[in-house]
Amino acid sequence: MADPHAPALVRRPSSVLPAQASPCDTLAIHAQPPSFDHPCRRKKLALTATILGSSMAFIDGSVVNVALPSIQTELGASVAAIQWVVNAYLLFLGALVLVGGSLGDKLGRRTVFIAGIGLFTLASIGCGLAPGIGALIAARAVQGIGAALLVPSSLAIIGSVFDDKERGQAIGTWAGVGAITSAVGPVAGGWLVDAFSWRAIFFLNVPIACATIALAVIAVPDSRQEDDSSGPDPALNGHALPGLDWPGAVTAAAGLAALTYGLTLASARGFGDQWVLALILGGLLVLTGFVALEARTRNPMMPLDVFHSRDFVGANLVTLLLYFGLGGALFFLPFTLIRAYGYSATEAGAALLPVPVTIGLLSRFTGGLTSRYGARTLLSIGPVVAAIGFAMLALPWVRGEYWRGFFPALVVLGLGMTIAVAPLTTTVMTSVSTARTGVASGINNAVARVASLLAIAVLGIVFVRSHDAALDTRLNALNMPQEARQAARLAQGGMDAASASAPTGAAQSASHAEVTQAQAEALGAALRAVALVSALCALAGAVLAALTIRSQSKP
């Protein structure tokens, strides 16, 4: 249970959250004790630096999705490879974000923040200059490491710079700007792809990073946990900050990498392939070893004692399932809009606007509902509303028509996420002691990011298999030869297969159009299958919330 005597401002998270943020980002800021040994004299500049830094990471997590078709065409990449353009980033961000936060506490938040920005920027340049898909994936992995350093450090800087009276306004500014960048980012990124190249979205990070580093050097004090005499962790008993859990971080990254890679290969090779089985089983074994390691480590990055709380376990399961569906839908939706329905990258980015706009406009209102109805009620309703939004994407008439099909579905989805986010934060906050709030919020944020990582891998299997099955049915009706059908299958890596599969001769033009139409219809069927699985996951989250979270969980 939470400490009932904790200050109200510390225990009350902001009800506004950027769409690309994790559910407990604001709680992570509140959990940070202010630093009185290193007062900040330029607080507005320091806040600007943290907003620019975290916005780069937020935007990069979503903008790349609208650029994937262009990347695939230029670099000749398979579907599995473009999945890893996103997964490489999410893998290292999710696995290392807890260590990144501890590193800032130990070495200095400004130092780690600037190091993260620098690494992220160098990796962005590497992405923009990548000659092939392998180099791009490697650079994206380094970007993820940089984001794992800068994101928790930016949140910690806000918490340490502003005292309890000032945090509400600071967090409101941070969240408001984040909500705007979440909405504008995909549209601006799509415009850069259409007007210039997909490489431009990575080079855009360079001037933003230079401004961020300059502001951080000028305005941000280099505080650390050892300096924060106002709010030390009782677990430290007055001693120095414990060491970093590098074995746990490496084990978690290795296990997630093997599991995700195995699931990605399964879409093309099937689960009977020996490499697929070896990778999946190996990944699960390594992750089991990670849990055992955390149980024996003196200073684990993921203390297992917080999972003794049933509410905390329930909140993380709901987070996993809800963000699993959201991450998968927002990955495959712009891809399908561009490939199947002829949207430009700008139009695909704009098509996603209902989700962040709904969250930004309604989050303050829905946040107040938690105090009235309790977390369990809203965590049972929010995922159900989100499930309805996912299911609406699978309706038969959703075949490229935006205003009648995609728009209302995304509005409902955004509403469901808005209802769920505030009670998720409240449940995490009230399920642990005050001293554990920072750890608990970090774990929940890591769960949200790992959920998106697993979603792209698992739902990739659903997407590819559903596409290929639907395409086979349509090409059989067209009496296309077997080799043409094989060339057009996503599992074989063919995306521009219409031109490859069309026969030569007088009927070439007609056959080309028929195959192109068949591929578009198959992609639409694949997106509907992904949406249905996402809806089932959201419904499962609602059931788990009702079963695991106590009805009296209120702030």
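Residues numbered from 1 in each chain as written. Predicted model: local features only at pLDDT ≥ 70, side-chain atom pairs only at ≥ 80, totals over all residues. Heavy atoms only, no water.

**Structural notes on the overall build of the chain**
Then step 1. When you go through the chain residue by residue, the secondary structure sums to 20 helices and 0 strands.
Then step 2. Among the 555 residues that make up the chain, the fraction classed as buried is 58%.
Then step 3. Of all intrachain contacts in the chain linking residues separated by at least 6 positions in sequence, the fraction that spans at least 24 positions is 83%.
Then step 4. Carbon together with sulfur atoms contributes 65% to the accessible area of the chain, which is approximately 20,800 Å² in total. (Helix = DSSP H or I, 4+ residues; strand = E, 2+ residues; numbered from the N terminus. Buried < 20%, exposed > 50% of the residue type's maximum accessible area, 1.4 Å probe, protein only. Contact = heavy atoms within 4.5 Å. Areas by Shrake-Rupley, 256 points an atom, 1.4 Å probe, with all protein chains shown as cover.)

**Details of the packing of aromatic side chains**
Then step 1. Applying the stated criterion to the full structure yields 12 aromatic pairs.
Then step 2. Between tryptophan 84 and tyrosine 261 the ring centres are 6.1 Å apart and the planes differ by 65°, which places this aromatic pair in the edge-to-face class. In this pair, tryptophan 84 sits in helix 4 (residues 79-107) while tyrosine 261 sits in helix 10 (residues 246-269), placing the two residues 177 residues apart along the sequence.
Then step 3. For the ring pair tyrosine 402 and tryptophan 403, a centre distance of 5.1 Å and an interplane angle of 80° mean the geometry is edge-to-face.
Then step 4. Since its relative accessible area comes to 14%, tyrosine 402 is described here as buried.
Then step 5. Three or more aromatic residues link up through ring pairs in this structure, and these residues are Phe331, Phe332, Phe335 and Phe463. (Phe/Tyr/Trp six-rings, centres within 6.5 Å; stacked < 30°, edge-to-face > 60°.)

**Considerations on the nonpolar core**
Then step 1. Core analysis: the biggest nonpolar cluster contains 150 residues, and Leu136, Trp174, Tyr323 and Phe406 have the highest contact counts within it.
Then step 2. Sort the elements by how many residues they give to this core and helix 12 (residues 310-341) lands first, with 16 residues. (Core = buried A, V, L, I, M, F, W, Y, C linked by side-chain atoms within 4.5 Å.)

**Some remarks on the pattern of salt bridges**
Then step 1. Under the defined criterion, the tally for this structure stands at 4 salt bridges.
Then step 2. One salt bridge connects arginine 199 with glutamate 74, and the closest N-O pair in it is separated by 3.0 Å. Placement of arginine 199 in the loop between helix 7 (164-195) and helix 8 (200-203) and of glutamate 74 in helix 3 (residues 43-75) is noted, with a sequence separation of 125 residues between them.
Then step 3. Look at arginine 199 and you get buried, because its relative accessible area is 19%.
Then step 4. Among the ionic pairs, arginine 474 bridges to glutamate 521, the shortest N-O distance being 2.8 Å. Placement of arginine 474 in helix 17 (residues 437-477) and of glutamate 521 in helix 20 (residues 508-548) is noted, with a sequence separation of 47 residues between them.
Then step 5. On the basis of relative accessibility, which here comes to 29%, the residue glutamate 521 falls in the partly exposed class. (Salt bridge = Lys/Arg side-chain N within 4 Å of Asp/Glu carboxyl O.)

**Details of the confidence of the model for the chain**
Then step 1. Confidence along the chain averages 82 in pLDDT terms, with 84% of residues attaining 70 or more.
Then step 2. Within the model, pLDDT remains below 50 along residues 227-241, and this stretch shows 24 contacts once partners closer than five positions in the same chain are excluded.
Then step 3. Overall, residues 492-507 carries pLDDT values under 50, and its contacts beyond four positions in sequence, including any with other chains, amount to 31 contacts. (pLDDT = per-residue confidence, 0-100.)

**Notes on the packing of helix 4 against helix 5 (residues 109-129)**
Then step 1. Between helix 4 and helix 5, whose axes approach to 8 Å, the crossing angle comes to 150°. Overall, the two elements helix 4 and helix 5 adopt an arrangement that is roughly antiparallel. Facing helix 4, whose interface residues are Tyr89, Gly100, Leu103, Gly104, Asp105 and Leu107, helix 5 presents Arg109, Thr111, Val112 and Phe120.
Then step 2. Looking at the contact of helix 4 with helix 5 residue by residue, the class counts come to 5 nonpolar, 3 polar and 2 charged. (Axes fitted to C-alpha atoms, helices over the stretch in contact; angles between N-to-C directions. Parallel < 35°, antiparallel > 145°, perpendicular 65-115°, else oblique. Nonpolar A, V, L, I, M, F, W, Y, C, P; charged D, E, K, R; others polar.)

**A few points about a nonpolar patch on the surface**
Then step 1. Nonpolar side chains collect at one region of the surface, where Val357, Leu361, Leu362 and Leu415 lie side by side and expose about 320 Å² of accessible area between them.
Then step 2. Of note, leucine 362 is situated in helix 14 (residues 354-373). (Patch = residues over 30% accessible without salt bridge, like charges linked within 9 Å, V, L, I, M, F, W, Y side chains within 5 Å.)

**Quick word on the side chain of threonine 319**
Then step 1. One can find threonine 319 in helix 12.
Then step 2. You can call threonine 319 buried: its relative accessible area is 0%.
Then step 3. A distance of 2.8 Å separates a polar side-chain atom of threonine 319 from the backbone oxygen of alanine 315. (Polar contact = N/O pair within 3.5 Å; in protein donor to acceptor, adjacent residues only side chain to side chain.)

**Observations concerning helix 9 (residues 205-219)**
Then step 1. Compared with the 21 Å implied by 1.5 Å per residue over 15 residues, the 21 Å span of helix 9 between its first and last C-alpha is a close match.
Then step 2. Taken together, the buried positions of helix 9 are Asn205, Ala209, Thr212, Leu215, Ala216 and Ala219. Down the axis of helix 9, the buried side of the element spans an arc of 130°, and every buried residue falls inside it.
Then step 3. Structurally, helix 9 contributes buried residues whose contacts are with helix 3, helix 5, helix 6 (133-161) and helix 8. (Expected span 1.5 Å × (residues − 1). Arc of directions from axis to C-beta.)

**So, the environment of aspartate 311**
Then step 1. With respect to the element layout, aspartate 311 can be found in helix 12.
Then step 2. Looking at aspartate 311, the relative accessible area reads 2%, which means it is buried.
Then step 3. Each C-alpha atom of the pair aspartate 311 and valine 428 lies 7.4 Å from the other, and the pair is 117 residues apart in sequence.

**Some details on the packing of helix 10 against helix 11 (residues 274-296)**
Then step 1. Here helix 10 crosses helix 11 at 155°, and the two axes come no closer than 8 Å. Between helix 10 and helix 11, the interaxial angle falls into the category roughly antiparallel. With respect to the hand of their crossing, helix 10 and helix 11 are arranged in left-handed fashion.
Then step 2. Classifying every residue of the contact of helix 10 with helix 11 by side-chain character gives 19 nonpolar, 6 polar and 2 charged. (Left-handed = near helix turned anticlockwise from the far one by under 90°.)

**What about the environment of isoleucine 82?**
Then step 1. Position of isoleucine 82 relative to the elements: it lies in helix 4.
Then step 2. Given the relative accessible area of 1%, isoleucine 82 is considered buried.
Then step 3. Sequence-wise, isoleucine 82 and glutamine 72 are 10 residues apart; in three dimensions their C-alpha atoms are separated by 6.7 Å.

**Here's the deal with the side chain of asparagine 316**
Then step 1. Examined against the element boundaries, asparagine 316 turns out to sit in helix 12.
Then step 2. On the accessibility criterion, asparagine 316 (6% relative accessible area) is buried.
Then step 3. Polar side-chain contacts of asparagine 316 include one of 3.2 Å to the side chain of asparagine 444.
Then step 4. When sequence neighbours within four positions are dropped, the list of residues in contact with asparagine 316 reads Ile443, Asn444 and Val447.

**Quick look at the environment of leucine 415**
Then step 1. One can find leucine 415 in helix 16 (residues 402-430).
Then step 2. On the basis of relative accessible area, leucine 415 is assigned to the partly exposed category, the value being 31%.

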